[in-house]
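Read off the chains here:
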Amino acid sequence: MFVYSGAGMEAWTGKVLKTLKNKKLTAVEASRGLKLLDNPDKGEDLKYDPHVWLNPMLAKKQMEIIKNALVTADPPNRDYYETNYTDNAKKMDDLDREFKDAAAKFSRKDIVVAHQAFGYICDAYGLKQVAIEGLNADSEPSPAKMAEITRFARQNNVKYIFFEELISPKVAETIAKEVGARTEVLNPLEGLTEKDIKAGKEYFSVMRENLQVLKKALQ
C-alpha cells in the first residue's frame, strides 16, 4: 500500500506512481471524496487547502479511508484494523468535543498566522484565519501584505501572532513587535521531527497543545 494525504499536498505523487511497476500496489489518497476548502489565494498553484487533517472529524474520515484500504489489502487482519480504527475514532470524537467546548467560550474569533494552514480548524470551530503568507509556506509576504496584517492586528487588539516550528518566525516576530503582541507556536502537523516522535508527540498530543495556545490567545 502507498498512502498519501492528497488534495495537492504531495505534488510529486502522480509522477512517482507512474514509475512504479508493482501491479499489486494499492495507492490510497486519504482526502479523496472529502469536502475540501478552496484556496483563497488564486495566485498559487494549489486549488484546495490540503491541510484536511486539522479538522478532527475529517481526520477521522481519512483514517477510515486508510482502514478500509488495509482491510481490502490484508483481509486476514481485518479485526486488528477495525479495532484500531474504532479506538482512534473515539479519540477523534473526544478531541472534537474538547475543541467545540473551548471554542464556545472564546471571546475572540480571529487568529493571525504566519502560514495559511489552519482553514480547517477555523471552519470547524467558528474561527477566522488571517494569514501573513499563503498555503505555500515558502512564499514571502509583500510589504503591502505586512502593512495590512499589522493594521488588522492593531485594530482588533490581537495579542498573539502564530508561527510554526518548521518555518522561520522572523515575519511573525516583526509584526508582533510592531503591534505589541506575543508570538506562539501553532502546529499544522506537517512534519514531526525525529526528536518530537521520540518525545512521544503524535496527532492527539499536538492537537491538544494547539488547543491550549488557542485558549490562551482567544479566551
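Along each chain, numbering runs from 1 in the same order as the chain's sequence is written. Whole-chain, interface and lining totals are the exception, using all residues; otherwise, since this is a predicted model, local features are given only for residues with pLDDT of at least 70 and side-chain atom pairs are given and counted only at 80 or more. Calculated side-chain values reflect all of the structure's heavy atoms, with hydrogen atoms and water omitted.

### Focus: the packing of aromatic side chains
- Put simply, two rings from Phe, Tyr or Trp (the six-membered ring, in Trp's case) pair if the centres are within 6.5 Å, and we call them stacked under 30 degrees between planes, edge-to-face over 60, tilted for the rest. Summed over all chains, the structure comprises six aromatic pairs.
- Arranged with centres 6.3 Å apart and planes meeting at 75 degrees, the rings of Phe 2 and Trp 12 form a pair that is edge-to-face. Pair noted here: Phe 2 is in strand 1 (residues 2-4) and Trp 12 is in the loop between strand 1 and helix 1 (13-19), with a separation of ten residues, a long-range link.
- Using a relative accessible area of 47% as the deciding quantity, one classes Trp 12 as partly exposed.
- Between Phe 99 and Tyr 125 the ring centres are 5.1 Å apart and the planes differ by 20 degrees, which places this aromatic pair in the stacked class. Here Phe 99 is found in helix 3 (residues 78-103), whereas its partner Tyr 125 is found in helix 4 (residues 119-125), with 26 residues between them in sequence.
- Judged by relative accessible area, Phe 99 falls into the buried class, the value being 3%.
- Each residue is placed in one exposure class: buried if its accessible area under a 1.4 Å probe, protein chains only, is under 20% of its type's maximum, exposed if it is over 50%, and partly exposed if it falls in between. In this structure Tyr 125 comes out as buried when scored by relative accessible area, which is 6%.
- Ring pairing ties together the aromatic residues Phe 2, Tyr 4 and Trp 12, which thus form one cluster. Helix numbers and strand numbers start at the N terminus; a helix is a DSSP run of H or I with at least 4 residues, a strand a run of E with at least 2.

### Some details on the sheet that holds strand 7 (residues 160-163)
- The strand order across the open sheet built from four strands is 6-5-7-8, with neighbouring strands paired in parallel fashion. Unpaired on one side and paired on the other, strand 6 (128-133) and strand 8 (182-185) mark the two borders of the sheet. Each neighbouring strand pair of the sheet contributes to a mean axis angle of 35 degrees, computed without reference to strand direction.
- By the convention used here, strands pair only if DSSP detects at least 2 bridges between them. As judged from the five bridges shared by strand 5 (residues 110-115) and strand 6, these two strands associate in the parallel manner. Counted as the bridge partner of Asp 110 is Lys 128 from strand 6.
- Note on definitions: a residue-residue contact is assigned when non-hydrogen atoms from the two residues lie within 4.5 Å. The axes used here are C-alpha line fits, helices contributing only the stretch in contact, and every angle between their N-to-C directions lies in the interval 0 to 180 degrees. Contacting strand 5 and strand 6, helix 5 (residues 143-155) runs over the sheet at an angle of about 145 degrees to strand 6.
- In the packing of helix 6 (residues 170-179) onto the sheet, the strands contacted are strand 6, strand 7 and strand 8, and the crossing angle to strand 7 comes to about 175 degrees.

### Structural notes on the environment of Tyr 125
- Along the sequence, Tyr 125 and Asp 96 sit 29 residues apart, while their C-alpha atoms lie 9.2 Å from each other.
- Dropping the residues within four chain positions of it, Tyr 125 is found in contact with Asn 55, Pro 56, Asp 96, Phe 99, Lys 100 and Ala 103.
- A distance of 2.7 Å separates a polar atom in the side chain of Tyr 125 from a polar atom in the side chain of Asp 96. Residues adjacent in sequence count toward polar contacts only when both atoms are side-chain atoms; beyond that, a polar contact is any pair of N or O atoms within 3.5 Å, and within protein one must be able to donate a hydrogen and the other to accept it.

### Section: the pattern of salt bridges
- Throughout this description, the term salt bridge denotes a Lys or Arg side-chain nitrogen within 4 Å of a carboxyl oxygen of Asp or Glu. Under the definition given, this model contains 13 salt bridges.
- The closest approach of N and O atoms between Lys 90 and Asp 94, which form a salt bridge, is 3.1 Å. Of this pair, Lys 90 and Asp 94 are both found in helix 3, four residues apart, which corresponds to roughly one turn of the helix.
- A residue is classified by how much of its surface remains accessible, and Lys 90, at 52% relative accessible area, is exposed.
- Classification of Asp 94 by relative accessible area gives partly exposed; the value is 23%.
- Here the residues in one salt-bridge network are Lys 67, Arg 78 and Glu 82, joined through shared partners.

### Structural notes on unusual backbone geometry
- Positive phi, normally seen in glycine, also occurs at Ala 7, with a value near 60 degrees.
- Tracing the chain through its elements places Ala 7 in the loop between strand 1 and helix 1.
- Note on Ala 7: relative accessible area 11%, which makes it buried.

### A closer look at the nonpolar core
- The set of buried Ala, Val, Leu, Ile, Met, Phe, Trp, Tyr and Cys residues whose side-chain atoms join them within 4.5 Å is what this entry labels a nonpolar core. Residues Ile 111, Phe 162, Tyr 203 and Leu 214 are the most contacted members of the largest nonpolar core, which totals 34 residues.
- Put simply, the parts of the chain that give this core at least two residues each are helix 2 (56-73), helix 3, strand 5, helix 4, strand 7 and helix 8 (203-218).
- For this core, the element with the most residues is helix 8, which contributes nine residues.
- Apart from the residues within four sequence positions on either side, Leu 214 is in contact with Phe 99, Phe 106, Ile 111, Ile 121, Phe 162, Leu 186 and Gln 219.

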